[in-house]
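Breakdown of the fold
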Amino acid sequence: MSRGARDDVAERGPADADRKRTVSTDRTLRGLAVVATVVTALVLLLVLYFPVGLVFAEAFGGARPFDSFVTTLTDPFYTGVLAEVFARPLAVGYHVDNVLSWFGGVSVGLGGVDTPPLRKGLFGFTAYQAALSTLASVAIGLPGAYVLANFEFPGRRTLRSLTIVPFVLPGIMVASGFYAAFGQAGLLNDVLAVVGLGPQQLIETNPLFVVILAHAFYNAPLVTRVATAAWESVDYRAVETARSLGANRRRAFRDVVLPQLTPAIATGALLTFLFTFLTFPIVLAIGGLELATVEVWVYHRLTETLAFEEAATLAVLETVISLGVTYAYLRYESAQRAASPGEGPPRERLFGRARDATPSRLSGPRLAGLLDARRLAITGYAVVVFVLFVGPLAAMVLEGLTDGSGFTLRHYEFLLQRQAAGASFQTKPLPAIRNSLLFAVATVAIAVPMGLVVSVASTGEGRWRSLLETATMLPFAVSGIVFGIGLLRGLVFGISLPGGWRFVLTGAVAIVAAHAVAAYPFVVRNVAPQLAGVDPRLVESARSLGASRVRAFLDIELRLAATGLVAGAAFAFAISIGEFDSTVILASDVAGDTVTYTMPVAVERYLGRRFGPAMAMGTVLLVVTAASFVVVDRLGGRVERG
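Residues numbered from 1 in each chain as written. Predicted model: local features only at pLDDT ≥ 70, side-chain atom pairs only at ≥ 80, totals over all residues. Heavy atoms only, no water.

Per an unreviewed UniProt entry, the recorded name for the chain is ABC transporter permease, and the organism is Haloarchaeobius litoreus. Recorded in UniProt for the chain, the comment headed Sequence similarities (unreviewed entry) runs: "Belongs to the binding-protein-dependent transport system permease family." (UniProt positions renumbered as here; feature names shortened; annotations may be inferred.)

Listed below in structure tokens is the structure:
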């Protein structure tokens, strides 16, 4: 071999080695992607579709499979005035005459609009209270997003982090907080008595109003969080352009800002409607069967009368409605994905104008700045938010620090004694805290890859994409009761396998899997829109330079979707911390370190026997959750900043 040939071989050596390493790395990444996809499919099949399918199958167990649906749909108790439509679907003229007759009975007078009675039925009332709860949540949540996105003030970032805290509190604890705040012997009446006003009986006289407030307590922060992220991504250059062309502030908001916020508002409204349509513990605790929703009635039929077929039929119909709403939303969202994110509006100082930041005392212009109409409106809004959100939480904290005769720490002493000397079958606080945090971290570790896989699968073009996306959003549409019973019958009792084997999934693994299934849709909803918004020319450029498809995804698409990934991880953490319905079914109390109950389950168990220690445990849950989210949000902010 000549010297030149030897030099060529020597030069090709390192290049060949680099190429082999690149090929090997790509193969490894493709293998990991395949494994993640297979694991995601198995988890969804075993922990979601199979258990839910077991429950739904009960609805078709009669002599004729659809008899139970016909009976339910034609019963006015369930479908109200629509029962006649389902019973006589071809009598169009008769139904039109009924509608015209109803509108003919509407009268307008000085006292307002008077309408004839309209029987809603169980499904109608459930949709009615969900619609009212959605309106209340959007009305309360949007001003919060406006303040957080447009104003700077001390503690803004911490307040932004804490907006997720109400969303993760167990429903039974929120109901207890509302009783402690707005009940006949609650905190509100104590405050009213101090100023000489008589006691109010909000829960006793208007339970629906309190239920709607409790739903807003849960969901308005969700609306705030989603809308704040959208408001901070508004393309403000378009606003400046509109203002330079003569548009006033209101016109610029209506024509430029509002269209960019609409998808986020629709997202918050849809999620709120779904959550409140499937509401269970709050309605059961505050309204009971008097305000029964479909979910409460399913629980009642299962536990009181063991009417399994009827409950399964209601659950199927409830899920069909929820999936229909989800599908319609996804079609709408896919049409809104073209918008590109901006840098958001510049923030004003909430207390005083920016140019007045340095004076040491109130000057005239600064005082005018403090008293302008917007800041006065924000002050009024802050008062409402304080009463609605801080009131129940403060009442819960006070219940943990009082016993009717004054201030006491004996409820916390009870928790310490239970931890130090409690029997192995009793619920202790430290294992509950430890399990909640460990399960939440494990849930993030599973739900984020699952959400990423589903996001990639559901991103792109095609007529079946929306259907696939809707099917993967099933956890949004299935009630917690149905999911929990399905897990119990499918996983805890075991699945028969060929050869006499039996697949049983219990304990921490089952709980984390259930939490991951409940949480991954939130990752999808945050990541998929960002992946869909990536400029395909960036990916094509990387491919033309030799990057494999997997490498281009990791280096370009995943980095551009990092913000959504962090937000999805925060939601997954939140869902796991507050999850109750499936955890209370799957949690075990085996002696030693194998206990798997969490903080929400501990609160529920204490509530059954001791209200004071339950509120003390609820306060511990509140503190741990708030501290966790401040840390998660700060870590997420560092990841986003890169």
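**Some remarks on the overall build of the chain**
A count of helices and strands for the chain gives 31 helices and six strands. Across the 642 residues of the chain, 46% fall into the buried class. In the chain, the share of contacts with a sequence separation of at least 24, taken over all contacts with a separation of at least 6, comes to 75%. Put simply, the chain shows about 31,700 Å² of open surface, and 64% of that area lies on carbon and sulfur atoms. (Helix = DSSP H or I, 4+ residues; strand = E, 2+ residues; numbered from the N terminus. Buried < 20%, exposed > 50% of the residue type's maximum accessible area, 1.4 Å probe, protein only. Contact = heavy atoms within 4.5 Å. Areas by Shrake-Rupley, 256 points an atom, 1.4 Å probe, with all protein chains shown as cover.)

**Section: the nonpolar core**
Residues Val47, Leu48, Phe178, Ile286, Phe483, Tyr520 and Met617 are the most contacted members of the largest nonpolar core, which totals 148 residues. Among the elements that make up this core, the one with the highest residue count is helix α12 (residues 207-231) (16 residues). Contacts of Leu48, omitting those with residues within four sequence positions, involve Val43, Leu474, Pro475, Phe483, Val517 and Tyr520. Counting six residues, the second largest nonpolar core, distinct from the first, contains Val147, Leu148, Phe153 and Leu350. (Core = buried A, V, L, I, M, F, W, Y, C linked by side-chain atoms within 4.5 Å.)

**Some details on empty space enclosed by the protein**
Evaluated as defined, the whole model comprises three cavities of 30 Å³ or more. Lining the largest cavity are 32 residues, with Phe275, Gly480, Ile575, Glu579 and Asp581 sitting closest to its centre. When its residues are assigned to classes, the lining of the largest cavity shows 20 nonpolar, nine polar and three charged. What lines the second largest cavity is Val55, Val298, Leu302, Phe308, Ala311, Ala312, Val482 and Ile485. If you list the elements that add at least two residues to the lining of the second largest cavity, you get α16 (294-303), α17 (308-334) and α24 (480-492). The greatest single-element share of the lining of the second largest cavity, amounting to three residues, is contributed by α17. Grouping the constituent residues of the lining of the second largest cavity by class yields eight nonpolar, no polar and no charged. (1 Å grid on protein atoms, 1.4 Å probe; cavity = no way out; pocket = protein on both sides within 12 Å on 5 of 7 lines; lining within 4 Å. Points joined across faces, edges and corners; volume = space filled by probe spheres on them. Nonpolar A, V, L, I, M, F, W, Y, C, P; charged D, E, K, R; others polar.)

**A word on a nonpolar patch on the surface**
Side chains of Val81, Leu82, Val85, Phe86 and Leu118 sit close together on the surface and give an oily, nonpolar patch of about 420 Å² of accessible area. As for its placement among the helices and strands, Val85 is situated in helix α4 (residues 82-87). When its relative accessible area of 33% is taken as the criterion, Val85 is described as partly exposed. (Patch = residues over 30% accessible without salt bridge, like charges linked within 9 Å, V, L, I, M, F, W, Y side chains within 5 Å. Salt bridge = Lys/Arg side-chain N within 4 Å of Asp/Glu carboxyl O.)

**Regarding the packing of helix α13 (residues 236-244) against helix α14 (residues 249-277)**
The interhelical angle for the contact between α13 and α14, taken along N-to-C directions, is 135°, at an axis separation of 9 Å. In this view, α13 runs oblique relative to α14, as classed from their interaxial angle. Relative to α14, the crossing made by α13 is right-handed. The segment α13 lies against α14, with Ala238, Val239, Ala242 and Arg243 engaging Arg249, Ala252, Val256 and Val257. Residues belonging to the contact of α13 with α14 are distributed by class as follows: six nonpolar, no polar and two charged. (Axes fitted to C-alpha atoms, helices over the stretch in contact; angles between N-to-C directions. Parallel < 35°, antiparallel > 145°, perpendicular 65-115°, else oblique. Left-handed = near helix turned anticlockwise from the far one by under 90°.)

**Looking at the packing of aromatic side chains**
All chains considered together, the criterion is met by twelve aromatic pairs. Aromatic pair Phe77 and Trp297: ring centres 5.1 Å apart, planes at 55°, arrangement tilted. Of this pair, Phe77 sits in helix α3 (residues 76-79) while Trp297 sits in helix α16; the two residues are 220 residues apart in sequence, bridging distant segments of the chain. Look at Phe77 and you get partly exposed, because its relative accessible area is 35%. Here Phe273 and Phe277 contribute two aromatic rings whose centre-to-centre distance is 5.9 Å and whose plane-to-plane angle is 20°, an arrangement assigned as stacked. Taken together, the residues Phe273 and Phe277, both in helix α14 and four residues apart, mark about one turn of the helix. The pair formed by Phe273 and Phe277 is uniform in burial state, with each residue classed as buried. Put simply, the rings of Tyr146, Phe151, Trp231 and Phe253 pair up and form one aromatic cluster. We note Arg88 situated over the ring of Tyr94; from NZ or CZ to the ring centre the distance is 4.3 Å. (Phe/Tyr/Trp six-rings, centres within 6.5 Å; stacked < 30°, edge-to-face > 60°. Lys NZ or Arg CZ within 6 Å of the ring centre and 35° of its normal.)

**Section: the layout of surface pockets**
Here the second largest pocket defines a volume of roughly 850 Å³. Taken together, 30 residues line the second largest pocket, and the ones lying closest to its centre are Leu159, Tyr381, Ala382, Val385 and Phe386. Secondary structure elements with two or more residues in the lining of the second largest pocket: α6 (121-150), α7 (156-162), α8 (165-168), α12, α19 (373-401) and α31 (611-641). Looking at the lining of the second largest pocket, the element that brings in the most residues is α19, giving eleven residues. Of the residues contributing to the lining of the second largest pocket, the split by class is 24 nonpolar, five polar and one charged.

**Let's talk about the side chain of Thr126**
Structurally, the position occupied by Thr126 is in helix α6. For Thr126, the side chain forms a polar contact with the main-chain oxygen of Leu122, separated by 2.7 Å. (Polar contact = N/O pair within 3.5 Å; in protein donor to acceptor, adjacent residues only side chain to side chain.)

**Section: the pattern of salt bridges**
Counted according to the given criterion, the structure contains four salt bridges. Residue Glu152 is joined to Arg156 by a salt bridge in which the shortest nitrogen-to-oxygen separation is 3.5 Å. When its relative accessible area of 7% is taken as the criterion, Arg156 is described as buried. Its salt-bridge partner being Arg254, residue Asp255 comes within 3.2 Å of it at the nearest N-O pair. For Asp255, a relative accessible area of 41% translates into the label partly exposed. Overall, the relative accessible area of 49% leaves Arg254 in the partly exposed class.

**As for the environment of Met450**
With respect to the helices and strands, the residue Met450 is situated in helix α21 (residues 429-458). On the basis of relative accessibility, which here comes to 3%, the residue Met450 falls in the buried class. The spatial distance from the C-alpha of Met450 to the C-alpha of Thr37 is 7.7 Å, given a sequence separation of 413 residues.

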